[in-house]
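Coordinates in review
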Amino acid sequence: MVSHGNPPPAPRRPDYNPMLDSDDDESIPPPPPPPPQDDYTKSTEAFHDHEQINDSEAMMMATTTTTTEDPNRVAKPVKKWRLLKKEAEHVLVPQQEQQEGGGGHLHSSDRVRERNVPRALNGQGPTLQGHFRGIHNAQEFEEEEAGMDDIEVPSSSVVARMNWAERQQKNKKRRLRWALLLLLGLAAFVAIVVGSVVGTRGGSSSSSKGKGGDVTSSRDTLNLDSPMGKFLLADPSVSQATKDALKDPNSSASQALDWMIHDEEANAGYAYLLTQEGGASLEDDVNAQEEFKQRFAAASLGKAFSSGSFVNGNGWMSNQHICDWDGIECDGEQGTDTAAAAAGGSNTATVGARVLQQTTDNNGQALTNARVVSRIIMNNNNLSGSIPPEISLFSQVTQVVLYQNQITGSIPQELYQMTQLTGLDLYDNDLTGTLSEDMGNWSNMVGLYLSKNNLSGGIPSSIQGMSGLEAIWLDDNQLTGPIPSEMGNLSVLKEVLLSDNQLTGGIPENLANAPLESLVLDNNEALFVTSASSSFPPFLLNMQTLQRLSMRRVNLQGPIPTMARGNLSSLTRLYLDANILTGTLQNNIAWLQKLEKLSLANNVQVGGAIPTSLGQMPNLKVLDLTNCRFEGTIPPELAGATLLEEVYLNRNYLQGAVPTELSALVNLQVLRLDSNVNIQSVPTAVCQIGIPTLLAGCEAVCDCCTDNCAR
């Protein structure tokens, strides 16, 4: 079939301007009649043969088609602005009407889209799709045109730019969607990778039920199956608590063993490793055993107390010998004699310039120990956590000093098994729990300092087994019950501090058998409430070694005891504040010739005249009679106590002038006479000694007083 090409456009006048055309302009001749049907059919066949037809030309072809109503009537040309509008919306599309079941597809420029097109307006020729207005016939076309004359028509270039901008916006949205999908995919990938890594690590440390119900991780199981792990599980000197802790991956024991096995840089070269590498068994080398157990115990301390936060933590968890770690002290070099060596038997051998100490272990086997841990001194070191039971593996340690830290938990039972201990100082921590009956195992203990904790329960009677005990500090806890009479059987006991507890039952008379030098029972408010007698225990007067007796706020009642020659002959400090004592302070108080500090403050029923014999106490430095019922004048004889530094006579019923004789008290730093009945004046001679704190009340005539008064 011969192609006739595209149908030619309708001819125009030379002066024709499409932008000025109008439906009412009769000067414009109508377009020529449409070409014959056969020619048009040929041209559309050519169109289906993929010859491109310009959109504007196609629409012009459509508009020149005659209607079926009047064959002689030629349709007016569609206004140019309307063609642009339809072109912009892609709604007027020519399409070959399907005939005889035939078909095909359109191939045009990018601006032409394939659509389902309704029948032609005149029933033949190309069809028109009026998309956004739904135009289906010529009459609707004319009605549509009638209201469009006044609309400003954009040019084709503007429409093209609008189409381009719209496509750009769509492309931008499409790119954003793809970018978002890419990011989501990347995030999902990262989540999968991280989950796999965490899952792998979690799986390696996750616990699984073993035989007997023990829960261990795979790595911990391998640690326990190692020669070190097997040795610890089999060694009788390792406590059951430690063996159980080895199966708990969160315990300090398990973490310490893991560190020793897997931190090769920190542990390479030590005997317990070399014996394995050399083929020897750890169980057969006594020296390797001792070195291994000491290093394991030290590592457990480091893990339990968070060594990374130590104030003084040099060397901890490093490849240095544990004796070079801050706070761990060792004996065994340069001929040092240790308590442990003396207990176990020792001899020395000189090797070059170094003297080695040979001792025996708990099983009596000989140990040529170059360096054996003897003391753990880690006070004020920011320790936190609980004391691990592995501390008992320091078989030769004699002193454990951990005061003023943040140690929590109870005292481990294993600590009570360290019979070689001579000193245990856990003062000012956060310990809880009770004191064990096994404290009697500490037969070598000299000083036990557990003050300022939260210990509860009673003081065990087994304390009598601590035959070497000289000092016990249990003050500022929550201890209850009586003071055990067995304390009186401790033949070398010198210092007992039990203040700030809830002890009851008074003071056991048997305590007078101990050579006490200091007995402090302050703030046990029920101490004498439930005792057989609430008065001052007379047997205390016979304690010739007692230097300090402090019973503040213990509900002590009755008169101040009468002193006789020889009573409390060594006493230097007597504190009986805030009780319910009655009566007067007698002159026989002067028998306490060594007394340096006397305090009866806040006993509101103690009164009378101030005894003149106080001036006969040559060592008296502090006199505190605050808030009692003393009356009369200040005795000038008081000047005889020339060492007085502090005198508190305020809040009594004293009156009169201050004696001039007190100017002899040249050491006086504090003189309080305020809140009395009527202190009249302070003499100039007393002012001249320059007392830093002198209060006499605002009514007194005083040139040197420091009262806050407008004198």
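Just so it is clear, the model here is predicted, and its values are computed rather than measured. (Residues numbered from 1 in each chain as written. Predicted model: local features only at pLDDT ≥ 70, side-chain atom pairs only at ≥ 80, totals over all residues. Heavy atoms only, no water.)

1. A few points about the overall build of the protein
- From N to C terminus, the protein includes 14 helices and 32 strands.
- By the burial criterion, 43% of the 711 residues in the protein qualify as buried.
- Across the protein, contacts joining residues at least 24 apart in sequence account for 54% of those joining residues at least 6 apart. (Helix = DSSP H or I, 4+ residues; strand = E, 2+ residues; numbered from the N terminus. Buried < 20%, exposed > 50% of the residue type's maximum accessible area, 1.4 Å probe, protein only. Contact = heavy atoms within 4.5 Å.)

2. Some details on the sheet that holds strand E10 (residues 406-409)
- Strand order in the open sheet formed by three strands is E8-E10-E12, with parallel pairing between adjacent strands. Each edge of the open sheet is held by one strand with a lone partner, namely strand E8 (384-386) and strand E12 (430-431).
- Relative to E12, E10 runs parallel, the two being bridged by two bridges. When the bridges of E12 are listed, threonine 408 appears paired with aspartate 430. (Pairing = 2+ DSSP bridges.)

3. Brief notes about helix H12 (residues 286-304)
- Along its 19 residues, H12 runs 27 Å from first to last C-alpha, staying within 8% of the 27 Å computed at 1.5 Å per residue.
- The first or second residue beyond H12 is serine 306, which carries a positive phi of 60 degrees. (Expected span 1.5 Å × (residues − 1).)

4. Thoughts on the pattern of salt bridges
- On inspection of all chains with the given rule, the structure shows seven salt bridges.
- Lysine 293 is the partner of aspartate 235 in a salt bridge, and the nearest nitrogen-oxygen pair spans 3.9 Å. Here aspartate 235 is found in the loop between helix H7 (227-234) and helix H8 (240-245), whereas its partner lysine 293 is found in helix H12, with 58 residues between them in sequence.
- Under the relative-accessibility criterion, lysine 293 is labelled buried at 11%.
- For aspartate 324, the salt bridge identified is with arginine 371, shortest N-O distance 3.1 Å. Pair noted here: aspartate 324 is in the loop between H12 and strand E3 (328-331) and arginine 371 is in the loop between strand E6 (366-369) and strand E7 (372-377), with a separation of 47 residues, a long-range link.
- A relative accessible area of 37% places aspartate 324 in the partly exposed class.
- Each of Glu329, Asp331 and Arg375 takes part in salt bridges that share partners, so that together they form one network. (Salt bridge = Lys/Arg side-chain N within 4 Å of Asp/Glu carboxyl O.)

5. Some details on the sheet that holds strand E25 (residues 605-609)
- Sheet architecture is open: six strands sit in the order E21-E23-E25-E27-E29-E31, paired in parallel fashion. Where the open sheet ends on each side, the last strands, each with one partner, are strand E21 (557-559) and strand E31 (678-679).
- Where strand E23 (residues 580-584) and E25 come together, three bridges link them in parallel fashion. By the bridge assignment, glycine 583 is partnered in E25 with valine 606.

6. Let's talk about the nonpolar core
- Counting 132 residues, the largest nonpolar core has Phe394, Leu448, Leu519, Met551 and Leu598 as the members making the most contacts within it.
- Among the secondary structure elements, those contributing two or more residues to this core are H7, helix H9 (252-262), H12, E7 and helix H14 (684-687).
- If one sorts the elements of this core by residue count, H12 sits on top with six residues.
- Once you skip the residues sitting within four places of it in the chain, phenylalanine 394 turns out to touch Gln294, Ala297, Ala298, Leu301, Ile322, Val373, Ile376, Met418 and Gln420. (Core = buried A, V, L, I, M, F, W, Y, C linked by side-chain atoms within 4.5 Å.)

Keep in mind these numbers describe shape, not what the thing actually does.
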